[in-house]
Amino acid sequence: MGPLLLLTSTLLCSWRMVDAQPSFTIRDITLAIEPSTDVSRDTNVTVRCQAAVVSSSGQEALSRTYTIYKDSTMVYTKTTSSSEDLLYPLPEARVSNTGKYRCNIDIEGKKMQSGAKKLTVTGLAAPVLHLNKGEFSEGEEVTATCTAPEETGSIIFYFYADSKELLEERVNSDQAEAKLRFSGAGIRKIHCDYTVLITPDSIKSKESNSMSVSVKELFITPVLEIIPQQNVYEGDQLGLSCTVRNFQRTSQSISLYLSQGTQLLSIGTTKVNHSMVALAKDSGEFECRLEMGNVVKVATKAVSVTELFSVPTLTVSPAEVFQGDDMKLTCRSENFASEILRRGEVTYAIDPPESRLISSEAGVFSGRALLYDFNYTCTAQAKGIVKRSKVLTVRPKVSVSQPKISVLGKVILGKPFQILCQADRGSLPINYTLMKIYENLNTTTVKLPYQQALFSIIIQKPEEITKFMCEAQNNRRKEGLLSKRLNATVIVPLSGATLTVVPDLADIAEGVDLLLICGIKGTPPVSFKWYRSDSVQPLFTTTSNEVTKHYNVTGVGSKHSGTYYCEAINPANNVVRSQSVTIEVRMALWKKGLIVASCLLLVTVLVLLFVLCFRAKRGKREAAAELSVKPSSPKSDDSLTVNLTHDTEVYKAATVRVDRSASVWSERPPNAASDEESSVASNEPDVEYTEVVHPQPADPARVPLKKGTDTVYSELQNSPHGAADPHDYQGSVEYAELNGEQPEINHTHPEVNHHQDLPVPVD
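Positions within a chain are numbered from 1, following the residues in the order the chain's sequence is written. The predicted origin of the model limits local features to residues at a pLDDT of at least 70 and limits the giving and counting of side-chain atom pairs to 80 or more, whereas totals for whole chains, interfaces and linings rest on all residues. Think of the side-chain values as coming from all heavy atoms in the structure, minus any hydrogens and water.

## Re the overall build of the protein
Using the following cut-off: Helix and strand definitions follow DSSP, with helices as H or I runs of at least four residues and strands as E runs of at least two, each counted in order from the N terminus. Each residue's exposure class comes from its accessible area (1.4 Å probe, protein chains only) as a fraction of the maximum for that residue type: buried when under 20%, exposed when over 50%, partly exposed otherwise. Throughout, a contact is declared for two residues whenever any of their heavy atoms are within 4.5 Å. Note that accessible areas follow from Shrake-Rupley with a 1.4 Å probe, and for residues the cover is restricted to the protein chains shown.
A tally of helices and strands in the protein yields three helices and 56 strands. Burial status across the protein gives 35% buried among its 763 residues. Summarising the internal contacts of the protein: among those between residues at least 6 apart in sequence, 62% fall at separations of at least 24. As displayed, the protein has an accessible area near 45,600 Å², and 51% of this comes from carbon and sulfur atoms.

And the structure:
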């Protein structure tokens, strides 16, 4: 029971402790600079950090940590449980306190930073200079102290002598010391100043007080002697000596340095000697330098050395040397001291010796140029003086090779094109000349590796292309090389396009094969296109190396009738068009024959039908005439009587008298006798017609005649002699008019002509 109570009590206490932790948030934090952000030196400044914290604990303050930063550098930090503002005092502010300040607060891991504010402090204290002695000898050390009273921060002190800066010292205190040494006797004025470093600027103080010091001279001096010093020529022996005058024993060491320019000749303690052969380059000052501690004294003398002979120069001739050509190298010294030296006393040599050049005279070397670049030098020597020339690099040129001539792009007759002249080998510059039948047209010079010799040309005839050549030259001493003649394809623009139709237009009929031949004048390859005027799309397209090409239409029909033309184009890119040809496809011959045959057959059939129909009708008439006409055999002078009967009623027909010599259908004119005579004289028998009127039969079976009026012709043939054959009944022709609609026949006026409305038969 006891452990259970203990556990329960522990858990209860832990719950109370957890429940006791307050909740909070930092609402804001601000920084203030008091009394102002701009103050003067010695002003008491306070940096105030104020935080607004909202907590569930009410008035009970939470533990918090404040941190003050100046220019991102922490300058102050404090942990407190007070809710009061944090104060960071800056008593008697200095210029070093100038900067940007920020405040940071941390409460149980929650942080917040205030905005930045800049404090500016103006005014620096005047510096103070102090020297440990006011009088000293050359090289003696003096201590100078420069103080910036009560200044703080990073300070740089500067020391000056006669307004010339001697040195500087950087410290983090308000004073600095400097060890100064002076050479040369005299009075020196010394002062100092300082600069306070603040980010990102610096503020300089005023100058300090000025102090004068006296520097005593040391009478020890260096001495320089040169023998000889006048009329010195190259090759003369020079003797130099550097010593110390008024030397007194001292604890300080002495050093002597003998030099010429930057070249140290010799070094020693109390005396230095040096011997040398004079050269022209040795003209100038020699220096003897004495150093004793911080004391430095110098003695100098100038020497002028007369040149015995000048530095030789090496030249090559000719200036442009080609591989394998003869060349000459000349080594010469242009100037020499004629008062002590003759020109012939100077000897020359070429270097390197293996250059295989032969000396033909003093300083002249001859040979052949190598196939590659080579460096040469020469030496001139007299009275022990040897001088070497500068390096001469001979770069033999490569003679130009035979040029090649070609064209760039296409050569189109009548249009500009470019001719390229180019050599595979040859040193630049190269002169290229374009020639036409050995006549110079133009010249261009190629000076750069990637430059080309191009010439713009226009030709009017294809054969002109082979008349061009070019010449290349890069050696003035030799003639240029000619190329071969230009060989290039000349594209003649197309012209004279024609469209030819095979077969002839008049012979184009259905079923034949049609050839549309397009011909042009120009250079192939040619692209041909055939068109029909009612379409923008070509009927056929082809490319050929010939100047004529055809388009074949197999088995033409009426749909192929229309207007055709062709177009052609070649690499000259000019399109030519032929004339338009109108094609009319005629009907095939076999169709024409078939139509003619059909027409003839139709006519034949119609004729046959007509004949058959005519015969059928004639047969019917003859049958009707046989049924209705009874022939008699009257005598030649008797009249012919026709009787008409009907089954139901007997009609007495009018009796008509027909003379053999006259027709009952026509009235005889007065000259009937003459007509009768001509009739008798004719070999043909006379034809007479008789009209027989048949009333409509009551019984169609007995009398097979058609209703209405039928006309039946019977031939009445007269004897040639005017007498009728008593037995020939077919010799007479009877005409009967069968009229079933007239019930009566006029019997009372036989003399009246009842046939005046009938047509007059033609003999």
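Past the structure itself, the notes keep going.
## A look at the nonpolar core
Quick note on the threshold: Side-chain atoms within 4.5 Å link the members of a nonpolar core, which is a set of buried Ala, Val, Leu, Ile, Met, Phe, Trp, Tyr and Cys residues.
With 24 residues, the main nonpolar core has Phe157, Phe159, Leu180, Phe182, Ile190 and Tyr194 as its most contacted residues. The set of elements that each furnish at least two residues to this core consists of β10 (128–131), β12 (141–147), β13 (154–161), β15 (175–181), β16 (186–198) and β18 (211–216). Here Leu180 is in contact with Glu140, Glu141, Val142, Ala144, Leu166, Leu167 and Ile190, once residues within four sequence places are set aside.

## With respect to the packing of aromatic side chains
The condition that has to hold: Centres within 6.5 Å make a pair out of two Phe, Tyr or Trp rings, where for Trp the six-membered ring is used; the pair is then stacked when the planes are under 30 degrees apart, edge-to-face when over 60, and tilted otherwise. In this scheme, Lys NZ or Arg CZ marks a charge over a ring once it lies within 6 Å of the ring centre and within 35 degrees of the ring normal.
The tally for this structure, following the rule as stated, stands at eleven aromatic pairs. Sitting over the face of the ring of Phe309, Lys387 holds its NZ or CZ atom 5.0 Å from the ring centroid.

## Observations regarding the side chain of Thr143
Put simply, the rule reads: Two N or O atoms form a polar contact when they lie within 3.5 Å of each other; inside protein one atom must be a possible hydrogen donor and the other a possible acceptor, and for residues adjacent in sequence the pair counts only when both atoms belong to side chains.
Checked against the element boundaries, Thr143 lands in strand β12. Polar side-chain contacts of Thr143 include one of 2.8 Å to the side chain of Lys179. Those residues in contact with Thr143 that sit more than four places away from it in its chain are His130, Leu131, Asn132, Glu177, Ala178 and Lys179.

## With respect to the confidence of the model for the protein
Defined as follows: Residue-level confidence of the predictor is summarised by pLDDT, bounded by 0 at the bottom and 100 at the top.
When pLDDT is averaged along the protein, the result is 79, and 78% of the positions lie at 70 or above. Scored below 50 in pLDDT, residues 1–6 makes zero contacts in the model with residues more than four places away or belonging to other chains. Of the regions scoring below 50 in pLDDT, residues 630–763 engages in 188 contacts with residues more than four places distant in sequence or in other chains.

## Thoughts on the state of the cysteines
Just so we agree on the cut-off: Disulfide assignment relies on a single distance test, namely cysteine sulfur atoms paired within 2.5 Å.
Taken as a whole and assessed by the stated rule, the structure comprises five disulfides. A sulfur-sulfur separation of 1.9 Å characterises the disulfide bridge that pairs Cys331 with Cys378. Its S-S torsion of approximately 70° makes the covalent link between Cys331 and Cys378 right-handed. Here Cys378 lies in strand β33 (residues 374–382) and Cys331 lies in strand β29 (residues 326–332), a separation of 47 residues in the sequence. We note that Cys331, like Cys378, is buried. Taken N- to C-terminal, the disulfide-bonded cysteines of the protein are connected 1-2, 3-4, 5-6, 7-8, 9-10.

## Thoughts on a nonpolar patch on the surface
What counts here: In this scheme, patches are assembled from residues that exceed 30% relative accessible area and form no salt bridge. Like charges are connected within 9 Å, while nonpolar side chains (Val, Leu, Ile, Met, Phe, Trp, Tyr) are connected within 5 Å. Salt bridges are identified by distance alone: a Lys or Arg side-chain nitrogen within 4 Å of an Asp or Glu carboxyl oxygen.
A cluster of nonpolar residues, Leu601, Leu602, Val605, Leu606 and Leu609, forms a patch on the protein surface that exposes about 480 Å² of accessible area. With respect to the element layout, Val605 can be found in helix α2 (residues 589–628).

## Points about the pairing of strand β39 (residues 430–436)
Inclusion rule: Two strands form a pair only when DSSP identifies at least two bridges running between them.
Within β39, five of the seven residues are buried, leaving the element largely enclosed by the surrounding structure. In this antiparallel pair of consecutive strands, β39 and strand β40 (residues 439–446), the connection spans two residues, and Ile437 shows a positive phi of 55°.

## Notes on the environment of Met587
By secondary structure assignment, the location of Met587 is in the loop between β52 (581–583) and α2. Separated by 79 residues in the primary sequence, Met587 and Ile508 place their C-alpha atoms 8.8 Å from one another. If near-sequence neighbours (up to four positions away) are discounted, Met587 is found in contact with Ala509, Glu510, Lys592 and Ile595.

## Here we look at unusual backbone geometry
Thr199 connects to Pro200 through a cis peptide bond whose omega is 0°. By the element assignment, Pro200 lies in the loop between β16 and β17 (201–204). Val502 connects to Pro503 through a cis peptide bond whose omega is 0°. For Asp42, which is not glycine, the phi dihedral falls at a positive 75°. Turning to its location among the elements, Asp42 is positioned in the loop between β2 (38–40) and β3 (45–55). Note on Asp42: relative accessible area 39%, which makes it partly exposed. Here Tyr438, not a glycine, exhibits a phi torsion of approximately 65°, which is positive.

## Concerning the sheet that holds strand β46 (residues 514–521)
Put simply, the test is: Whenever a helix is involved, its axis is fitted only over the stretch in contact; in every case the axis is a line through C-alpha atoms, and angles between N-to-C directions fall within 0 to 180 degrees.
With respect to topology, three strands assemble into an open sheet ordered β45-β46-β49, the strand pairing being antiparallel. Edge positions in the open sheet fall to β45 (495–502) and β49 (548–553), since each of these has one partner strand only. Neighbouring strand axes in the sheet, compared pairwise and without regard to direction, differ in orientation by 15° on average. For β45 and β46, the ladder comprises six bridges, and the chain directions are antiparallel. Bridged to Leu499 within β46 is Cys518.

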